[in-house]
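Examining the three-dimensional arrangement
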Number of protein chains: 12
Amino acid sequence: MSDHTYRVIEVVGSSASSIEDAIKGAVADAAKTLRHIRWFEVVETRGHVENDQVQHFQVTLKLGFTLDDRG
Amino acid sequence: MSDHTYRVIEVVGSSASSIEDAIKGAVADAAKTLRHIRWFEVVETRGHVENDQVQHFQVTLKLGFTLDDRG
Amino acid sequence: MSDHTYRVIEVVGSSASSIEDAIKGAVADAAKTLRHIRWFEVVETRGHVENDQVQHFQVTLKLGFTLDDRG
Amino acid sequence: MSDHTYRVIEVVGSSASSIEDAIKGAVADAAKTLRHIRWFEVVETRGHVENDQVQHFQVTLKLGFTLDDRG
Amino acid sequence: MSDHTYRVIEVVGSSASSIEDAIKGAVADAAKTLRHIRWFEVVETRGHVENDQVQHFQVTLKLGFTLDDRG
Amino acid sequence: MSDHTYRVIEVVGSSASSIEDAIKGAVADAAKTLRHIRWFEVVETRGHVENDQVQHFQVTLKLGFTLDDRG
Amino acid sequence: MSDHTYRVIEVVGSSASSIEDAIKGAVADAAKTLRHIRWFEVVETRGHVENDQVQHFQVTLKLGFTLDDRG
Amino acid sequence: MSDHTYRVIEVVGSSASSIEDAIKGAVADAAKTLRHIRWFEVVETRGHVENDQVQHFQVTLKLGFTLDDRG
Amino acid sequence: MSDHTYRVIEVVGSSASSIEDAIKGAVADAAKTLRHIRWFEVVETRGHVENDQVQHFQVTLKLGFTLDDRG
Amino acid sequence: MSDHTYRVIEVVGSSASSIEDAIKGAVADAAKTLRHIRWFEVVETRGHVENDQVQHFQVTLKLGFTLDDRG
Amino acid sequence: MSDHTYRVIEVVGSSASSIEDAIKGAVADAAKTLRHIRWFEVVETRGHVENDQVQHFQVTLKLGFTLDDRG
Amino acid sequence: MSDHTYRVIEVVGSSASSIEDAIKGAVADAAKTLRHIRWFEVVETRGHVENDQVQHFQVTLKLGFTLDDRG
């Protein structure tokens, strides 16, 4: 049967180099405790500045995953 | 004492038949691991199309629940 | 002359069975005191959960109506 | 190669009976001229009222489709 | 290494006296099960009225925290 | 029968001392002509400044109430 | 004492000639039954098209007013 | 049968003189290739400035139309 | 080299006669102290009402400009 | 002549005790360099948490002021 | 004459490597059938995850173009 | 004393190569006249297209900074 339920959580990844690395890092970290992550959606992109330079890109993501192997 | 704290999570329910069934299914699935769900709020309604026909209604919900029996 | 003014109010309808019935009920209730309702727009869809089951769908609507017979 | 481009259009479906039928009707109508529709997203739900009763549910949708068979 | 991932959850705090107490209560309750809460963001402020008087201020918050001691 | 319809109005309360007093004042004023107010939701918080000092906090609220004793 | 409460209603004005006339017409119509209108805010600008030409500009407004002479 | 489907497109009209003319021009231009335009909705109002003066008002519109004569 | 940075400020223009004049006045006033204004974007349209009549249209704008002659 | 132009800036005030004090502090700080501040609008309310307790309320405000004595 | 009308469409580009490549790919694909694309605006950034890794960045864009050579 | 006030400005950075470079360029340019920039937040990502190719990524940012060395 194809009906199933996803769960969505919100995480913030950060990277000194790029927005893509902040996203990949957040997904990799979340995958340590969650199986079956299926998609992400960028909610917000921010960052820190020190000494007149960007120190980190911080990307807030929603991550969707299934709780079992049906998805 | 009446002051208490709710927790809100986000889930996505899906159903081939109706938006209401997608909501009910998401609540029922969440209730397997959460007690004391009190309300839901629809965040987004989407769906999949295959062979020119709607296959699933997918409804993203916020679910509010209490962590104990005070609520 | 075709220029006229509409008034918009906000109501919340509820139904144990469907979103459509919550909308129809809100329109029917509002029509007891307002003549000339012309349109509705869904603002928010929420609901209550008790004993792990959806008890009510609650739909917040804007209702547009004219104050006279010109509309 | 898995990279491809989707196109998104906006349509409004209407139905006297239900929100689901308004969505299905809009997808079916769009499928007369578009192949490869893959998903929909509800943008807005409105409707007309006459003689104190809901006449139509009008649902504005975004529809995503691919321009070829790669999707 | 400075790159790390935060997790964001949503909670609702309530207080009969003030918005600030609702926020503080929600943070204190969440801190019972979560270490390393770093920030909050107000999402929504609502409340209940009974007998023509405000009974509770209800504040929906996002809470950001780290999963370890790196943050 | 548990199905009923709420009405939602928008008011702006103001107070020289606090946001909470602006909310309470708006609810109290509205209660002079409306019975059965059930909830409020903060829409906007603004204020006036004179002589470099905040003169008033102005809080725009939605107020939900029932038209009868069923609620 | 300077603390008082405003009421906000929503109206839709229309004009075949301009957005400004649609606003002025909506204010004038509302003033027939409401005294002490103080401000307006444009919520939405729409219009009807017939025979390839704009027939009406329709402007949805919020109108703020006081219930007495204190404002 | 009264159920039908509308299509919505987005256009940007511009005029050196007024917002209304930018809207009318966009509708007139779109009508060269589309029959049965029924409504417009303003999405955004922008403009260009040169030599300290407004050169153009640019209005982004959604235009709704039917694909046939049923509408 | 074509890469450059714009600055964006927010201003509110007002006019008793029209929305366009409120925009033009805000641009003209800002141009007294800023060179190189390039574009505007309407953020909000409000106004004051006295004696049942619109006294002013107030338009909040974002104004983009370059800090030098590169733009 | 009553037509004039306001300028709007964005500031973030913080206070360990209350949201109102964060707003008052931001206005007082801004008034050190700006004359004729007329209004504020709350854009966002956030805060820092350390050792499981709220350390600061941080309130982002828009502040409107006139550039001269006409306002 | 400088007044002209733009058309805006929505597309979704995807790339396994970067957000920029997803944007460039969507523009290049759209340019196969559209001449005179002038600008893009990012609406949404999402992506797919498989086996705990980001498979694609998916970027939804609005694309503005003119229908002729006047722009 | 830990209470202080930040100021937030809006800038637009552009780069022919990447979104990250557009952000870094905007921060570097702003740092020529502002000391103590602490954070940025992406508001909007747009760009120009010429000859069917992306010419620039344009990123609108909010930049937060303190007016003194307390921050």
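The sections below set out a description of the structure shown in this document. Just so we're clear, the structure is a prediction, and the values are computed from it rather than from any experiment.

**Digging into the overall build of chain A**
- Looking only at helices and strands, one finds one helix and three strands in chain A.
- Ordered by position from N to C terminus, the α and β elements of chain A give β-α-β-β.
- In terms of C-alpha radius of gyration, chain A reaches 15 Å, well past the compact-globule figure of 11 Å for 71 residues.
- The principal-axis extent of the C-alpha atoms belonging to chain A is close to 55 × 20 × 15 Å.
- Considering chain A as a whole, with its 71 residues, one finds that 65% of them fall into the buried category.
- Within chain A, residue pairs in contact and separated by at least 24 positions form 65% of the contacts whose partners lie at least 6 positions apart.
- Each charge class in chain A can be summarised by its mean position, and for the 8 positive and 11 negative side chains these summaries are 8 Å apart.

**Let's talk about the relation of the copies chain C and chain D**
- Relative to chain D, chain C is turned by 120° and slid 0.0 Å along the rotation axis, the superposed coordinates differing by an RMSD of 0.0 Å. Within this description, the copies of the chain are treated as partners about a three-fold rotation axis. Taking C-alpha positions as the reference, the residue of chain C nearest the rotation axis is C:Ile19, at 4.9 Å.
- When the interface residues of chain C are mapped onto chain D, a mere 15% of them again fall at the interface, so the copies present different faces.

**Quick word on the arrangement of the chains**
- Left apart from each other, chain B and chain G have a closest C-alpha approach of 22 Å.
- A gap remains between chain B and chain L, which never touch, and the nearest two C-alpha atoms on either side lie 22 Å apart.

**Here's the deal with the interface of chain C and chain D**
- Between chain C and chain D, the contact holds 13 residues from the first and 14 residues from the second.
- Together chain C and chain D conceal approximately 1,200 Å² of surface at their shared face, both sides included; 60% is due to carbon and sulfur atoms.
- Summed over the shared surface of chain C and chain D, the number is one salt bridge.
- A salt bridge links C:Glu41 to D:Arg46, with the nearest nitrogen and oxygen atoms 3.4 Å apart.
- As paired elements, strand S2 (residues 37-50) of chain C and strand S2 (residues 37-50) of chain D share three bridges and run antiparallel to each other. Counted as the bridge partner of C:Trp39 is D:His48 from S2(D).

**Looking at the packing of aromatic side chains**
- Applying the stated criterion across every chain yields a total of 24 aromatic pairs over all chains.
- Centre to centre, the rings of A:Phe40 and K:Phe57 are 6.0 Å apart; their planes meet at 70°, and the pair counts as edge-to-face. You can see A:Phe40 sitting in strand S2 (residues 37-50) and its partner K:Phe57 sitting in strand S3 (residues 53-66), one on each of two chains.
- The class for A:Phe40 is buried, based on a relative accessible area of 0%.

**Quick look at the pattern of salt bridges**
- In the structure shown here, the tally under the stated rule is 48 salt bridges over all chains.
- Among the ionic pairs, B:Asp29 bridges to B:Lys32, the shortest N-O distance being 3.0 Å.
- For B:Lys32, a relative accessible area of 63% translates into the label exposed.
- What you see here is one network of salt bridges that share partners, running through A:Glu41, K:Glu44 and K:Arg46.

**Quick word on the pairing of strand S1 (residues 6-15) of chain C**
- Here S1(C) lies mainly inside the structure; ten of its ten residues are buried.
- With ten bridges joining them, S1(C) and strand S3 (residues 53-66) of chain C adopt antiparallel strand pairing. From the neighbouring strand, C:Arg7 faces S3(C), where its bridge partner is C:Phe65.
- Where S1(C) lies against strand S1 (residues 6-15) of chain F, three bridges are found, and the strand directions are antiparallel. In the sheet register, C:Val12 faces S1(F), and the bridge partner there is F:Tyr6.

**Brief notes about the environment of K:Ile19**
Residues and elements named next belong to chain K.
- Within the secondary structure, Ile19 is located in helix H1 (residues 19-31).
- Looking at Ile19, the relative accessible area reads 7%, which means it is buried.
- Along the primary structure Ile19 and Thr45 are separated by 26 residues, whereas in three dimensions their C-alpha atoms are 8.1 Å apart.

**Observations regarding unusual backbone geometry**
- Phi angles above zero are rare outside glycine, and F:Asp52 is one such case at about 70°.
- Take F:Asp52: it is sitting in the loop between strand S2 (37-50) and strand S3 (53-66).
- A positive phi angle is found at I:Asn51, which is not glycine, with a value near 50°.
- Relative to the helices and strands, I:Asn51 resides in the loop between strand S2 (37-50) and strand S3 (53-66).

Criteria and cut-off values
- Residues numbered from 1 in each chain as written.
- Chains lettered and ligands numbered in written order.
- Predicted model: local features only at pLDDT ≥ 70, side-chain atom pairs only at ≥ 80, totals over all residues.
- Heavy atoms only, no water.
- Helix = DSSP H or I, 4+ residues; strand = E, 2+ residues; numbered from the N terminus.
- Rg over C-alpha atoms; globule rule 2.2 N^0.38 Å.
- Buried < 20%, exposed > 50% of the residue type's maximum accessible area, 1.4 Å probe, protein only.
- Contact = heavy atoms within 4.5 Å.
- Lys, Arg positive; Asp, Glu negative; His and termini not counted.
- Charge placed at Lys NZ, Arg CZ, Asp CG, Glu CD.
- Least-squares fit on C-alpha atoms with pLDDT ≥ 70 in both.
- Buried area = accessible area lost by both parts, 1.4 Å probe.
- Salt bridge = Lys/Arg side-chain N within 4 Å of Asp/Glu carboxyl O.
- Pairing = 2+ DSSP bridges.
- Phe/Tyr/Trp six-rings, centres within 6.5 Å; stacked < 30°, edge-to-face > 60°.

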